[in-house]
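Structural overview
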Amino acid sequence: MNSQNALSRQGRLPALGLRPLLVSFALIGLTACGAQTPLGEPAPSGSEASGSAPIQQTPTFGSASSFEAQVLSLTNAARARGATCGGVAYPPVPALTANAQLRQAAYLHAKDMGDNNYFDHVGRNGRMPWDRMRAAGYIGRTYGENIAAGQSTPQQVVDGWLKSSGHCRNIMSRNFKDLGVGYYYRAGSNFRHYWVQNFGAK
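Residues numbered from 1 in each chain as written. Predicted model: local features only at pLDDT ≥ 70, side-chain atom pairs only at ≥ 80, totals over all residues. Heavy atoms only, no water.

1. Brief notes about the nonpolar core
Note the cut-off: Put simply, buried Ala, Val, Leu, Ile, Met, Phe, Trp, Tyr and Cys residues joined by side-chain atoms within 4.5 Å make one nonpolar core. Three exposure classes are used, based on accessible area relative to the maximum for each residue type with a 1.4 Å probe and protein chains only: buried under 20%, partly exposed in between, and exposed over 50%. Comment: elements are numbered from the N terminus, with helices defined as DSSP H or I runs of at least four residues and strands as E runs of at least two.
Formed by 22 residues in total, the largest nonpolar core has its most connected members in Val71, Val157, Trp161, Ile171, Met172 and Trp195. Only helix 1 (66–81), strand 3 (83–85), helix 4 (154–162), helix 5 (165–172), strand 7 (178–185) and strand 8 (193–201) provide two or more residues apiece to this core. Tyr118, Ala149, Tyr184 and Val196 belong to the second-largest nonpolar core, a separate cluster that totals 12 residues.

Structure, rendered in structure tokens:
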């Protein structure tokens, strides 16, 4: 079973940056089940299908993994060509810039979900996505998050997000300027592959 969720928050902060004055909040969920193994996990593909050990793409904080870099590239390709999200056509928009602080927040949340076998925008400590982004040092005026689990390649996860209106709107939003991508693989967890996109603008 593949799971995806999208969450975005946009607001204008007062001059002192204390609390949002105007907040638009959206939570959209999608669960899409494909071919299932007896354990309810996605049917294996690639190296996992052949019985060999999966390639672990989990990065260190020093540099993004190739999977994370591919998600950024695929996301920017979608923004460059435009997309239809939930029946609404979105024109091409400028590319997102990779941001290390957003990536740190995204990676830590992907790792937390994988290590603790859960799937949610809300962390086990009760933190929301914007709380995690601010804790990583990214102080923005607007935030958004897409999460997914179970997809084994960057192409699969981005294609899935683009087919879901809420995730697609986050990807195509002109309001977002920066992106951090987190990917984590955890053998023995429910979904094994955990993905997070953290969007923001300052």
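2. Re the packing of helix 1 against helix 4
The condition that has to hold: Axis lines are fitted through C-alpha atoms, for helices just across the contact stretch, and the angle between N-to-C directions can take any value from 0 to 180 degrees. Handedness of a crossing follows from how the near helix is turned relative to the far one, being left-handed for an anticlockwise turn of less than a right angle and right-handed for a clockwise one. Two residues form a contact once any of their heavy atoms are found within 4.5 Å. Only Asp, Glu, Lys and Arg are considered charged, only Ala, Val, Leu, Ile, Met, Phe, Trp, Tyr, Cys and Pro nonpolar, and every remaining residue, Gly among them, polar.
The N-to-C vectors of helix 1 and helix 4 enclose an angle of 40°; their axes lie 9 Å apart at closest approach. With respect to the hand of their crossing, helix 1 and helix 4 are arranged in right-handed fashion. Between helix 1 and helix 4, the contacting residues are Phe67, Gln70, Val71, Leu74, Thr75, Ala78 and Arg81 on the first element and Pro154, Gln155, Val157, Val158, Trp161 and Leu162 on the second. Split into classes, the residues belonging to the contact of helix 1 with helix 4 amount to 9 nonpolar, 3 polar and 1 charged.

3. Here's the deal with the pattern of salt bridges
Side chains that differ in charge, positive against negative, can pair when their charged atoms come close. Put simply, the test is: Salt bridges are counted wherever a side-chain nitrogen of Lys or Arg sits within 4 Å of a carboxyl oxygen of Asp or Glu.
As enumerated under the stated definition, the model contains 5 salt bridges in all. Note that arginine 103 is salt-bridged to glutamate 68, the shortest N-O span being 2.9 Å. With arginine 103 in helix 2 (residues 100–116) and glutamate 68 in helix 1, the pair connects residues that are 35 residues apart, well separated along the chain. Taken as a pair, arginine 103 and glutamate 68 share a single burial class, namely buried. Glutamate 145 is the salt-bridge partner of arginine 132, the closest N and O atoms lying 3.0 Å from each other. Placement of the pair is arginine 132 in helix 3 (residues 129–135) and glutamate 145 in strand 6 (residues 142–149), with a sequence separation of 13 residues.

4. What to know about the state of the cysteines
Where we set the bar: Count a disulfide wherever a pair of cysteine sulfur atoms falls within 2.5 Å.
A complete count under the given rule lists 1 disulfide for this structure. Two residues, cysteine 85 and cysteine 168, share a disulfide whose sulfurs are 2.0 Å apart. Judged by the torsion about the S-S bond (-55°), the cysteine 85/cysteine 168 disulfide is left-handed. Of this pair, cysteine 85 sits in strand 3 while cysteine 168 sits in helix 5, and the two are 83 residues apart along the sequence. Here cysteine 85 and cysteine 168 have matching classes, each one buried.

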